[in-house]
Amino acid sequence: MNFATLGYGDVVMSEKHKLLGPLESLNGILMIGVSTSALMNALQNAMRRTLKALEEQEGS
């Protein structure tokens, strides 16, 4: 099944486990947000280091 959605609908959970589908979907959405924020943080740090290195080269 898809991690960030409720799935295709061809597999149906038993009544006892019906809540697990929406919880897995919510977990997937949260993981997409966490992954995006981690990637953006890494990108921002790389850009800061690059800009700092360029400024140091110009100052020398």
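In what follows, the structure referred to is the one given above.
Since this is a predicted model, take the numbers as computed values, not measurements. (Residues numbered from 1 in each chain as written. Predicted model: local features only at pLDDT ≥ 70, side-chain atom pairs only at ≥ 80, totals over all residues. Heavy atoms only, no water.)

Below, the discussion takes up the overall build of the protein. Per the secondary structure count, the protein includes one helix and zero strands. Carbon together with sulfur atoms contributes 64% to the accessible area of the protein, which is approximately 5,300 Å² in total. (Helix = DSSP H or I, 4+ residues; strand = E, 2+ residues; numbered from the N terminus. Areas by Shrake-Rupley, 256 points an atom, 1.4 Å probe, with all protein chains shown as cover.)

This part takes up helix H1 (residues 20-59). In this model, H1 (40 residues) spans 58 Å end to end at C-alpha, consistent with the 58 Å of a helix rising 1.5 Å per residue. When we look at burial in H1, the residues that qualify are Gly21, Ser25 and Gly28. (Expected span 1.5 Å × (residues − 1). Buried < 20%, exposed > 50% of the residue type's maximum accessible area, 1.4 Å probe, protein only.)

Time to look at a nonpolar patch on the surface. On the surface, Met13, Leu19, Leu20, Leu23, Leu26 and Leu30 cluster together to form a nonpolar patch covering roughly 570 Å² of accessible area. Residue position: Leu20 is located in helix H1. (Patch = residues over 30% accessible without salt bridge, like charges linked within 9 Å, V, L, I, M, F, W, Y side chains within 5 Å. Salt bridge = Lys/Arg side-chain N within 4 Å of Asp/Glu carboxyl O.)

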